[in-house]
Amino acid sequence: MSAGGSGRMSILRMRKLPSLIGAAMILLLTTFRKASIPPTDIRTKITANSTSATSAHSSASSLRVMSWNLRVPFPIDAAVNRSWAERRDSISLAIATLLPDVLLLQEDCYFMNNDLLHAPVPGPLSGTLHSPYLSEHYKRYGRYNRNGESKPSPTWPENPFTRDGMRDGEHNSIWWNAHRLVSVGTSSFWLSDTPDVAGTSFDEVTGRIVNCVTLRGKEQVSMSPTRICSTHFPADNVTRQLLSTAVIEEDFSKYTKTHPDVQYSFIGGDFNSIPGSETYNDMLVRGFVSLHGASGHIDVVTTCDWFNSSNNAFIDYVWVYAGDASRQQQQATRLRVKRSSLVNVPCCGSDPSTSYSDLITQIDPGTTSRRIAGNRAASDHLAVLIDLDLPVCRISES
């Protein structure tokens, strides 16, 4: 990808929509506020079945994906009883209770991942979680957005956002259930004019990384090779966001052509753009389908701003890359979104009468989670939870 103004302008030019699919996507943008999906849209072909939380995550071909912006700890957070030390146990318990097969994180420092993986989970364990340590259940891949390194070092640059001298920052980590899935490859690239150069971005003070893991099912898990990525888009700058969508499409398109055995490619994270925005529209045009939209259930917000609730918006997604029209048809006939939800995890002095099991039961199948009145949240983002049924394609483990 060439650098400079002319190169960027060429990236930003809207390409022609595929005739039938493109028209349907434009139609969707005008009716997004309604939960019904236009009948001609590709999303209606991706089957949506609302099921209970238990049944949605029990079959051999199921995959539970959760994307969650954890919020990098800021000094101001302690003043409202939401320091990392106060939030950590609630977050680890949420992961241990929901047990996603794949967890996509944003605003996750290395030390935050380390704390969550290696500190014992408080409270009772799920029936399938046999150890109080998440590190015995999950594997992790994540490179630091500033330099691409995986292990902390005293030479790491100071975090430009917290401004407290912390030499750590966002890793956009991917965790996967090591009892069900095995990694067959990892990769990273940056949202910049030079995606292969570590720590780069489109003229920001930080790097913008996309971390990816290709996974397949272990033993009795019937899942073909599937690529899943985690990222965090720039905020309040549509130009940078549109440049970023172009970089992502280029990578996903190349990967699809060079890895024909990979049946699905997903990307999730904080995209800092609302449904119907120019950035959201560009993701659709470039062949990505929001799995929240595909489920037929549109939620209102994915953020819960601790300081100003008027800032709340729907900006967190899990997308599947459908690519060209022929690939879209292939995806549509196989992929089933069984359930999509948002999870608002309480913490930090929340009403003690509200147990975590109460929270889980308040997630209506196929709809957004209900807010728990008077409770503080463990992050300023809700967790996006997607239950999928992927094609049955047994692969023997080597």
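All figures in this text were calculated on a predicted structure; none of them were measured in a lab. (Residues numbered from 1 in each chain as written. Predicted model: local features only at pLDDT ≥ 70, side-chain atom pairs only at ≥ 80, totals over all residues. Heavy atoms only, no water.)

This paragraph deals with the state of the cysteines. One pass over the structure, following the stated rule, counts two disulfides. One disulfide bridge connects cysteine 212 with cysteine 229, the sulfur atoms lying 2.2 Å from each other. Its S-S torsion of approximately 110° makes the covalent link between cysteine 212 and cysteine 229 right-handed. Placement of the pair is cysteine 212 in strand E7 (residues 209–217) and cysteine 229 in strand E8 (residues 226–232), with a sequence separation of 17 residues. (Disulfide = S-S within 2.5 Å. Helix = DSSP H or I, 4+ residues; strand = E, 2+ residues; numbered from the N terminus.)

For the coordinates displayed, the defined rule picks out 14 salt bridges. Linking arginine 180 and aspartate 101 is a salt bridge whose minimum nitrogen-to-oxygen distance equals 2.9 Å. One end of the pair, arginine 180, is in the loop between strand E5 (174–177) and strand E6 (181–190); the other, aspartate 101, is in the loop between helix H3 (84–98) and strand E3 (102–106), with 79 residues separating them in the sequence. We note that arginine 180, like aspartate 101, is buried. A salt bridge links arginine 336 to aspartate 389; the nearest nitrogen and oxygen atoms lie 2.8 Å apart. Taken as a pair, arginine 336 in strand E12 (residues 336–343) and aspartate 389 in strand E15 (residues 383–389) lie far apart in primary sequence, 53 residues in all. For arginine 336, a relative accessible area of 25% translates into the label partly exposed. You can call aspartate 389 buried: its relative accessible area is 15%. Sharing partners across several salt bridges, the network here consists of Arg64, Arg339 and Asp387. (Salt bridge = Lys/Arg side-chain N within 4 Å of Asp/Glu carboxyl O. Buried < 20%, exposed > 50% of the residue type's maximum accessible area, 1.4 Å probe, protein only.)

When pLDDT is averaged across the protein chain, the result is 78; 72% of the residues are at 70 or more. Note on residues 352–374: pLDDT is under 50 here. Beyond four places in sequence and across chains, it has 50 contacts. Counting interchain partners and residues more than four positions distant, the pLDDT-below-50 stretch residues 393–398 has 16 contacts. (pLDDT = per-residue confidence, 0-100. Contact = heavy atoms within 4.5 Å.)

Turning next to the packing of helix H5 (residues 238–258) against helix H6 (residues 278–285). Interaxial distance between H5 and H6 falls to 9 Å at its minimum, and their mutual angle equals 10°. Considering their axes alone, H5 and H6 lie roughly parallel with respect to each other. For the pair formed by H5 and H6, the contact residues are Val238, Gln241, Leu242 and Thr245 on the first element and Glu278, Thr279, Asp282 and Met283 on the second. (Axes fitted to C-alpha atoms, helices over the stretch in contact; angles between N-to-C directions. Parallel < 35°, antiparallel > 145°, perpendicular 65-115°, else oblique.)

What follows is about unusual backbone geometry. For aspartate 203, which is not glycine, the phi torsion reads 65° and is therefore positive. Take aspartate 203: it is sitting in the loop between E6 and E7. By relative accessible area, aspartate 203 is classed as exposed at 57%. In this structure, asparagine 272 is a non-glycine residue whose phi angle is positive, near 50°. On the secondary structure map, asparagine 272 appears in the loop between strand E9 (264–270) and H6.

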